[in-house]
Amino acid sequence: MTLSILAEAAVCGSGGGGHRHPAPWPRNDREQAANDQRGPIMPFTPGQPLSPDALYRRCDAADFSFASTDDLARLKGVPGQDRALEAMQFATGVPVDGHNVFVLGSPGSGRHDFALKFLRETAAGRPLPNDWVYVYNFDDPRRPRALSLPPGRSRQLCREVEQFVADAQSSIPAAFESEDFQAQREAIAEEFKEAQEAALKEVEEDASGHQIGVVQTPSGIAFVPVREGEALSPDEFKKLPKEEQDDYHEEIGRLTHKLQHVMRSIPKKASDMREKIRQLEREVAGLAVTGMLDELLERYADLPGVVAHLERMREDIVENVGLFLPSAENAPGPPQQAGADGAVRDAMQRYAVNVLVHQEAERGAPVIVEDNPSFPELIGRIEHESEFGSWVTSFNLVRAGALHRANGGYLVMDAARLLAYPQAYDGLKRALRTRELRIRSLADDIGLLSTVSLEPESIPLDVKVVLVGERIWYYLLEQYDPEFTQLFKVAADFEDHIPRSAENIERQSRWLANTIREENLRHVSAEGLARLVEESARHAGDADRLSADINYMADVVREAHYWAERTGSDLIGAKDIDRALESRIRRGSRVRDRLQEETLRETLRIETAGSRVGQINGLAVMQLGGQAFGRPQRITASVTLGSGEVIDIEREVKLGGPLHSKGVLILSGFLRSHYVNDRPLSLSASLVFEQSYGGVDGDSASTAELCVLISALAELPLSQSLAITGSVDQHGRVQAIGGVNEKIEGFFDLCNERGLSGEQGVLIPAANVKHLMLRRDVVDAVAKKRFAVYPVEHVDQALERLTGLPAGERGDDGRFPEGTISHRVCERLLQFADWRRSFARKEEEKGDGD
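Everything quoted here is computed from the prediction, not taken from an experiment. Just so you know, the residues in each chain are numbered from 1, in the order the chain's sequence is written. Predicted model: local features are reported for residues with pLDDT of at least 70 only, side-chain atom pairs are reported and counted for 80 or more only, and whole-chain, interface and lining totals are derived from all residues. Calculation of side-chain values draws on the structure's entire complement of heavy atoms; hydrogens and water are dropped beforehand.

**Student:** Go over the overall build of the protein with me, naming the residues and quoting the values.
**Tutor:** When helices and strands are tallied, the protein shows 29 helices and 30 strands. In the protein, buried positions account for 48% of the 850 residues. Taking as baseline every contact in the protein between residues at least 6 positions apart, the subset at least 24 positions apart corresponds to 76%. Surface summary for the protein: the accessible area is close to 42200 Å², and the carbon and sulfur share equals 50%. For helices the rule is a DSSP run of H or I covering at least 4 residues; for strands it is a run of E covering at least 2, with both sets numbered from the N terminus onward. Accessibility here uses a 1.4 Å probe with only protein chains present; expressed as a share of the type maximum, an area under 20% marks a residue as buried, one over 50% as exposed, and anything in between as partly exposed. In what follows, residue pairs with any heavy atoms lying within 4.5 Å of each other are defined as contacts. Exposure was quantified through the Shrake-Rupley algorithm and a 1.4 Å probe, taking into account, for residues, occlusion by the shown protein chains and nothing else.

**Student:** So what's going on with the pattern of salt bridges? Which residues, and what values?
**Tutor:** Salt bridges are defined as contacts in which a side-chain nitrogen from Lys or Arg sits within 4 Å of a carboxyl oxygen from Asp or Glu. Across all of its chains, the model carries 45 salt bridges by this definition. Two residues, Lys429 and Glu483, come together in a salt bridge whose shortest N-O distance is 3.0 Å. Taken together, the residues span a long stretch of sequence, with Lys429 in helix 14 (residues 424–434) and Glu483 in the loop between helix 16 (471–480) and helix 17 (484–487) at a distance of 54 residues. The salt bridge partner of Glu827 is Arg815, with a shortest N-O separation of 3.5 Å. Within this pair, whereas Glu827 is found in helix 29 (residues 821–849), its partner Arg815 is found in the loop between helix 28 (795–803) and helix 29, the two being separated by 12 residues in sequence. Shared partners join several salt bridges into a network, and the residues in it are Asp426, Lys429, Arg433, Asp481 and Glu483.

**Student:** Quick rundown of the side chain of Lys743? Include the residues and the values.
**Tutor:** With respect to the helices and strands, Lys743 occurs in helix 26 (residues 740–754). Counting of polar contacts relies on pairs of N or O atoms within 3.5 Å, with two restrictions inside protein: one atom must be capable of donating a hydrogen and the other of accepting it, and residues adjacent in sequence are counted only when both atoms are side-chain atoms. From its side chain, Lys743 meets the backbone oxygen of Gly738 in a polar contact 3.4 Å long. Those residues in contact with Lys743, other than ones at most four positions away along the chain, are Leu619, Ala620, Val621, Gly630, Ser700, Thr725, Ile737 and Gly738.

**Student:** How would you sum up unusual backbone geometry? Please name residues and give values.
**Tutor:** Phi is mostly negative for residues that are not glycine, and the peptide bonds are mostly trans. Residues other than glycine seldom take positive phi values, yet Glu715 does so here, at roughly 55°. You can see Glu715 is positioned in the loop between helix 25 (702–714) and strand 25 (717–719). The backbone of Lys785 shows a phi angle near 60°, a positive value even though the residue is not glycine. Examined against the element boundaries, Lys785 turns out to sit in the loop between helix 27 (776–783) and strand 30 (788–792).

**Student:** A description of the sheet that holds strand 7 (residues 354–357) should follow, citing residues and the corresponding values.
**Tutor:** For two strands to be treated as a pair, DSSP must find at least two bridges joining them. On the basis of which strands lie adjacent, the open sheet formed by 3 strands has the order 3-2-7 and antiparallel pairing. The sheet is open, and its two edges are formed by strand 3 (145–149) and strand 7, each paired on a single side. Each neighbouring strand pair of the sheet contributes to a mean axis angle of 30°, computed without reference to strand direction. Here 3 bridges tie strand 2 (residues 131–135) to strand 7, and the two strands are oriented antiparallel to one another. Its bridge partner lying in strand 7, Trp132 is registered against Val357. Comment: axis = line fitted to C-alpha atoms, over the contacting stretch for helices; angle = value between 0 and 180 degrees taken between N-to-C directions. Along the sheet face, helix 5 (residues 154–176) touches strand 2, strand 3 and strand 7 and points at about 175° away from the line of strand 7. Where helix 9 (residues 304–319) meets the sheet, it contacts strand 2 and strand 3, and its direction lies at approximately 135° from that of strand 3.

**Student:** Which residues make up the environment of Asn504, and what values go with them?
**Tutor:** Along the chain, Asn504 falls in helix 18 (residues 502–519). Judged by its relative accessible area of 6%, Asn504 falls in the buried class. Sequence separation of Asn504 and Gly80 is 424 residues, and the distance between their C-alpha atoms is 6.4 Å. Aside from chain neighbours lying at most four places away, what touches Asn504 is Gly80, Ile498, Pro499 and Leu546.

**Student:** Lay out empty space enclosed by the protein with the relevant residues and their values.
**Tutor:** Using a grid of 1 Å spacing that covers the protein atoms alone, one calls a set of points a cavity when a 1.4 Å probe fits there but cannot get out, and a pocket when the set is open and has protein on both sides within 12 Å along at least five of seven lines; lining residues are those with an atom within 4 Å of a point. Grid points are joined across faces, edges and corners, and a volume is the space filled by probe spheres set on the points. For the structure shown, the criterion picks out 4 cavities of 30 Å³ or more. Computed from the structure, the largest cavity encloses a volume of approximately 100 Å³. Surrounding the largest cavity, Arg592, Leu595, Gln596, Thr599, Phe629, Gly630, Arg631, Pro632, Gly746, Asp749 and Leu750 form its lining. Looking at the lining of the largest cavity residue by residue, the classes come out as 4 nonpolar, 4 polar and 3 charged. When its volume is computed, the second largest cavity comes out at roughly 70 Å³. If you go around the second largest cavity, the residues you meet are Thr599, Leu604, Arg605, Ile606, Arg631, Pro632, Gln633, Arg634, Glu690 and Gln691. Polar here means any residue outside two lists: the nonpolar Ala, Val, Leu, Ile, Met, Phe, Trp, Tyr, Cys and Pro, and the charged Asp, Glu, Lys and Arg; Gly therefore counts as polar. Its residues placed into classes, the lining of the second largest cavity shows 3 nonpolar, 3 polar and 4 charged.

Listed below in structure tokens is the structure:
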């Protein structure tokens, strides 16, 4: 609306100090030149009806240098947003931390398209950033390593390592099945067997020399006495002499000790044998993979990090060669590792390369748009798989976030969506502040769970973040988050309105031509464009401005294309634009029509003829969705003797907002200063919006409230055929308000349905004349003198038009002339003051008598 910039300034200025003061406007010569191209404001006399030419500033198609949008060249960027363009150029050009961008403006201004097109053009001239992969950390499996590769080589590495592992899974078993390996393995086993047999044979020979035999029993090896090649039975042994028995016991004890020594040496020899076999396996495995791995090392010799990982992978393959052998099916371990298939999967997962970021483009930095900026989608996540009833993870399940994909380039996000997700904004700030990306789960980040999980190595971050949102988000973050201004130092502020200059009209037309070509729509004729320019000014609420809501204008063209197609027109003309606008209003006017219907049926009471004391027609604007419409509102006042209080009934019942209450409080200040400044106000007045059942805010009815208060005070009837809108200050000067076109049209529609008498009209602030872009039927009615629009600069001018009496000016004697409105008001206020003084005296005398 017209005064939206004032509301924005109020938001900016609220709170404590530290806010930047706006520079004098206009800020530069270009804006001044644009302002100089405004059309002239039609001359008018305050209090007198405006001419039809002052109600609508037309656009002449003959002034265009083109016949249709088909003749226009493409436009780069968004029309009229030079301020935002300069901010983006600075932010993307300065190589200093913290110069991220917040693009702020109203929806429909093309903020997202502007940011994307600008960033893509800028990114095309920047170098392509590196790829990033995660690989297994052989020293600490919980901390996967991050490797950086030149653009486009990550997937090549992934494929080549995968092929290498697949080849190793066939070459290693083949090497182990070779005759040479089997012969060497058998030789090592035979050597162990021979050594074991030799040691046992030595014990047997020693025992035989002492007539002791060696027998195999279920419990192991035993020694027994022997005579003439036969083992002695226990009974026969007992018959031997005592000395001989003792000799046998001594020898058997010695042999047992010797056998125990031999048996204890067997595990060590077996261990030595296994180590020799493992060493043989390592040598064979190393020989099996060396050739293939050397080729990889040669291809990646320019990347020390990759070379170091491949060398470490070679060592791990040699150390864990069992992963490549079918015999792993008999290896102990968890069920998922058993079997040949399990060994193959384990090898693939252990030595795989997890491509985190791969640059597809041939040149240029990435521009990433994240429509779902949740914490994991932004920072990255670690996924889990279900295996045998438990959740497991690995470095292969580490997934990139939007910041990873945008690293080295630009990331664009919607501010409101970012703030809607838990911890997403904090995660973004931490990444920008530390300049590194550390992937962790949201539960771990907020301390909700404490589980053993992966801790991937952090990745350096170099990114420009562009947040796009409405101004309220920017101002709230700037006010309440100290870190925000340190990280987002650049604000690209979009204009809501741009000057209605020939240059801007052409630029908006070229932007529409872009849309028409991209969507294969019919082109718009010069007459249709002239009508669109007028609608853009009306949408801006200012005859001298164009709306920056280019998406709204594009929607009108899309709908007009439909109507032009139905009529078979080659070009979209002014009639098609009118048809589209009428259809849009028709679809959204149900509530407006029902309110007017109830007013015509006098369920809602609004008088448009005659005159009444203490009653006036104010004007309000209702905004429903994308449509706004004016609605007449009956305001009444009553005045009695009192203590000078003006009661706002809306405020008393908590239906009035602070701005409305402010406007009411100004009224008593005007009464004191303008009429009787030497005596206290001795009245009690009440004001109310009749048949208003919702909240009331804004001060645009304060002029109407002052007029109806004076009417009730002076007992002067006000014309009901007139409605009034405007804000008023304590000196009675009428100030500009918003929605002036909708307010006038709302009252006109009611009067038109009841029949225009020629006496009906609307009083508006003179400051709003430049904002008038009224409907054609209203302008036609004014031209035929069946309706009127009156600009007023002071409340006295409004009162004169509403009552038909002169307002009166204070003379040299300090009094107002008789027969004037001011004289009647003063007399009534003096009368109230006398009554109050008399009443107070009587009360005092009564008290003395008691």
